[in-house]
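Structure at a glance
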Amino acid sequence: MADSNNPTSGNGSSGSSNGKNGGKVGLLEKVTTGVKDDIQALKTDIPTKAKEQIEGLKDPTKTQVYTSIFRHKHDDTPRNRALGVLSNVFLHLHPAKINRDAVRYSYTWGMGGITFYLFIVLTYTGVLLMFYYHPSKVQAFRDVLYLEHDVPFGKILRNMHRWAAHLMVIGVWLHMFRVFLTGSYKKPREFNWNIGVLLLVFTLLLSFTGYLLPDDQLGFWAVTVGTNMARATPLLGHEGPFGAQLGMTPYNDVRFGLLGGSIVDANALLRSYIWHCIGIPIVASVLMIVHFWRVRKDGGISGPAPVMLTEEADKPRRGPKAAGE
Ligand code: HEM
């Protein structure tokens, strides 16, 4: 008699596909076959994949580490070149496309870039000089002598800072001159020209405040003459137009504010130092960021209309328009 509780008994053979038990066995077969297939596939896939990965290691551009950093091929299509620039944190500061003629050295003289480079050199050497210099009447000049004669590489460090400062002033003038010659002060670049004028003023102020810091005779008299001119500032100088009427005296006018006193002395040295190392560099850096950003927003560096090289003009054009132009 068939036991209705026994799963193997009942309505026929255990291999039958009919009924509850037959269904279970069919499923088991399917799973077994599936697992077998998978194992078979793995047996063939694993060696192939391992081989591919070993091959990949031979070519570093195919490794996962490389492709996670450089996400686009550097082949010669305009799209990939643009993507290569845009997806890189450093390169994306540059425009993805530029007018070939605008970046010719004969057009820009590279003077803006050179001026910026000199500013970086000045910042770097300036920070190193700060390790040795104290802005006090007792120590300032001694520190300069110490740098010149005792500090390892001190002389070259000081001279790099000094020469870079001279060159930056020359660079900024030449840059302004070329901007003027190429008419780049005109619309839409007039705002950037004005930022440039401020940069020129701050570059000169950086040099002027640095002049006093060695506390030598040259600096002392340069700053004496320079700040004496401030006496004649309209309204704010005690010798300037309407200064006296506004109550200006040698003890409360703009010159007094610049020197921190009525003579060039310890306070003037300290004020020069703080303006030179902190105040002016910060303002100049912010202005430079605005200046460079503006160059991009105004359509890149100005320049003649784009021209094509002869071999480019002969080449068939790529892109969606090329086929049905
Ligand atoms: C610290 C000073 C300065 C720095 C670092 C600086 C940097 C630059 C750089 C890197 C460029 C890109 C083109 C090139 O290299 O020629 C540029 C463009 C420009 N700069 Fe300056 N610059 C400074 C001062 C000035 C001054 C004094 C002026 C004018 C008064 C000026 C006006 C301009 C203008 C109008 C452009 C756009 C030019 C164009 O599109 O052709 N800049 N500057």
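Each residue is numbered by its place in its chain's sequence as written, counting from 1. Local features in a predicted model are, by the rule used here, given only for residues with pLDDT of at least 70; side-chain atom pairs are given and counted only at 80 or more, and totals for whole chains, interfaces and linings are based on all residues. Side-chain figures throughout are based on the complete set of non-hydrogen atoms in the structure, without hydrogens or water.

**Here's the deal with the site of the ligand**
We call a residue near a molecule or strand as soon as one heavy atom of that residue lies within 4 Å of the molecule or strand. The immediate surroundings of the ligand are formed by 26 residues, with His-175, Arg-189, Gly-196, His-291 and Ser-302 found nearest. Counted as a polar contact is a pair of N or O atoms within 3.5 Å, where, for protein atoms, one must be capable of donating a hydrogen and the other of accepting one, and residues adjacent in sequence contribute only when both atoms are in side chains. At a separation of 2.6 Å, an oxygen atom of the ligand approaches a polar side-chain atom of Ser-302. If you list the elements that add at least two residues to the shell around the ligand, you get helix H5 (111-130), helix H7 (154-181), helix H8 (190-212) and helix H11 (266-297). Per-class residue counts for the shell around the ligand are 13 nonpolar, eleven polar and two charged. Numbering of helices and strands starts at the N terminus; helices are DSSP runs of H or I of at least 4 residues and strands are runs of E of at least 2. Residue classes follow a fixed rule: Ala, Val, Leu, Ile, Met, Phe, Trp, Tyr, Cys and Pro count as nonpolar, while Asp, Glu, Lys and Arg count as charged, and any other residue, Gly among them, counts as polar.

**Notes on the side chain of Thr-108**
Turning to its location among the elements, Thr-108 is positioned in helix H4 (residues 105-108). Apart from the residues within four sequence positions on either side, Thr-108 is in contact with Ala-102, Arg-178 and Ile-301. Note on definitions: a residue-residue contact is assigned when non-hydrogen atoms from the two residues lie within 4.5 Å.

**Some details on the confidence of the model for the protein chain**
Detailed conclusions should not be drawn from predicted coordinates in areas where pLDDT is low. Confidence of the predictor at the level of single residues is given by pLDDT, which spans 0 to 100. In the predicted model, the protein chain carries a mean pLDDT of 87, and 87% of its residues have values of at least 70. For the stretch residues 1-18, pLDDT sits under 50, and the model shows nine contacts to residues farther than four places along the chain or on other chains. A low-confidence stretch, residues 321-325 stays under pLDDT 50, and its non-local contacts, those more than four residues away or across chains, total two contacts.

**Digging into a nonpolar patch on the surface**
For patch detection, residues must exceed 30% relative accessible area and be free of salt bridges, and they are connected within 9 Å for like charges or within 5 Å for nonpolar side chains (Val, Leu, Ile, Met, Phe, Trp, Tyr). Method for areas: the Shrake-Rupley scheme with a 1.4 Å probe, in which residue coverage is limited to the protein chains shown. The term salt bridge refers to a side-chain nitrogen of Lys or Arg lying within 4 Å of a carboxyl oxygen of Asp or Glu. Together, Trp-109, Leu-167, Ile-170, Leu-174, Phe-177, Phe-180 and Leu-181 make up a nonpolar patch on the protein surface, roughly 650 Å² of accessible area in all. Structurally, Leu-167 is set in helix H7. Type-normalised accessible area, obtained with a 1.4 Å probe on protein chains alone, sets the label of each residue: buried when under 20%, exposed when over 50%, and partly exposed for intermediate values. Judged by relative accessible area, Leu-167 falls into the partly exposed class, the value being 39%.

**Comments concerning the environment of Ala-165**
Examined against the element boundaries, Ala-165 turns out to sit in helix H7. Once residues within four sequence positions are removed from consideration, Ala-165 is found in contact with Leu-122 and Ser-207.

**Side note on the nonpolar core**
Ranked by internal contacts, the top residues of the largest apolar core, which has 14 residues, are Phe-119, Met-168 and Met-288. Contributions of two or more residues to this core are made by H5, H7, H8 and H11. Once residues within four sequence positions are removed from consideration, Met-168 is found in contact with Thr-115, Leu-118, Phe-119, Leu-122, Thr-203 and Met-288. Judged by nonpolar contacts, the second largest core, of ten residues, contains Tyr-133, Ala-140, Val-223 and Tyr-273. Nonpolar cores were defined as sets of buried Ala, Val, Leu, Ile, Met, Phe, Trp, Tyr and Cys residues, with membership established by side-chain atoms within 4.5 Å.

**Here we look at the packing of H7 against H8**
Throughout, an axis means a line fitted to C-alpha atoms (over the contacting stretch in the case of helices), and angles, computed between N-to-C directions, take values from 0 to 180 degrees. Between H7 and H8, whose axes approach to 10 Å, the crossing angle comes to 160°. Taken together, H7 and H8 sit at an angle that is classed as roughly antiparallel. Note on packing geometry: the crossing formed by H7 with H8 is left-handed. The segment H7 lies against H8, with Ala-165, Met-168, Val-169, Val-172, Trp-173, Met-176, Val-179 and Phe-180 engaging Trp-193, Leu-200, Thr-203, Leu-204 and Ser-207. Taken together, the residues of the contact of H7 with H8 sort by class into eleven nonpolar, two polar and no charged. In this scheme, roughly parallel covers angles under 35 degrees and roughly antiparallel covers those over 145, while 65 to 115 is roughly perpendicular and the rest are oblique. Handedness of a crossing follows from how the near helix is turned relative to the far one, being left-handed for an anticlockwise turn of less than a right angle and right-handed for a clockwise one.

**Considering the packing of aromatic side chains**
Stacked, tilted and edge-to-face pairs are distinguished by plane angle, under 30 degrees for stacked and over 60 for edge-to-face with tilted covering the rest, among Phe, Tyr and Trp rings (Trp via its six-membered ring) whose centres lie within 6.5 Å. Across all of its chains, the model carries eight aromatic pairs by this definition. Here Tyr-185 and Trp-193 contribute two aromatic rings whose centre-to-centre distance is 5.7 Å and whose plane-to-plane angle is 65°, an arrangement assigned as edge-to-face. Residue classification places Trp-193 among the partly exposed residues on the basis of a relative accessible area of 26%.

**Some words on the coordination of the iron atom of the ligand**
Surrounding the iron atom of the ligand are the protein donor atoms His-175 (NE2) and His-291 (NE2), which sit 2.0 to 2.1 Å from the metal. Coordination at the iron atom of the ligand comes from six donor atoms whose angles at the metal span 85 to 179°, giving a geometry best classed as octahedral. A residue pair is termed long-range when its members are at least 10 positions apart, and His-175 in helix H7 and His-291 in helix H11 qualify at 116 residues. A single burial state applies to His-175 and to His-291, both of which are buried. Donor criterion used throughout: N, O or S atom within 2.8 Å of the metal, extended to 3.2 Å for Na, K and Ca. Water excluded; incomplete-looking sites may result. The geometry test gives tetrahedral to four donors whose angles all lie between 85 and 135 degrees, gives square planar to four donors and octahedral to six donors whose opposite members are over 155 degrees apart with all other angles between 65 and 115, and gives irregular to the rest.

**A few points about the pattern of salt bridges**
The tally for this structure, following the rule as stated, stands at five salt bridges. Ionic pairing is found between Lys-137 and Asp-215, a salt bridge with its closest N-O pair at 3.0 Å. With a gap of 78 residues between them, Lys-137 in the loop between H5 and helix H6 (140-149) and Asp-215 in the loop between H8 and helix H9 (217-229) connect regions that are remote in the sequence. Lys-137 gets classed as partly exposed once you look at its relative accessible area, which sits at 35%.

**Focus: H6**
Turning to H6, its buried residues are Ala-140, Asp-143, Val-144, Leu-147 and Glu-148. Burial along H6 is one-sided: seen end-on, the buried residues are contained in an arc of 135°. Opposite the buried face of H6, at more than 90 degrees from it, the exposed residues are Arg-142 and His-149. Throughout, the arc means the angular range of directions from the helix axis out to the C-beta atoms.

**Overview of the environment of Val-295**
Looking at where Val-295 falls in the secondary structure, it is placed in helix H11. Note on Val-295: relative accessible area 27%, which makes it partly exposed. For the pair Val-295 and Pro-188, spaced 107 residues apart in sequence, the C-alpha separation works out to 10.0 Å. Not counting residues within four places of it along the chain, the set of residues in contact with Val-295 comprises Asn-192, Gly-300 and Ile-301.

**A few points about H7**
Taking 1.5 Å as the rise per residue, H7 with 28 residues should run 40 Å; its terminal C-alpha atoms sit 40 Å apart, in good agreement. If you check which residues of H7 are buried, you get Gly-154, Leu-157, Arg-158, His-161, Ala-164, Met-168, Val-169, Gly-171, Val-172, His-175, Arg-178 and Val-179. Tucked into the core, H7 has its buried residues touching H4, H5, H6, H8 and H11. Positive backbone phi, at 65°, marks Gly-183, one or two positions downstream of H7. By this rule the span expected of a helix is its residue count minus one, scaled by 1.5 Å.

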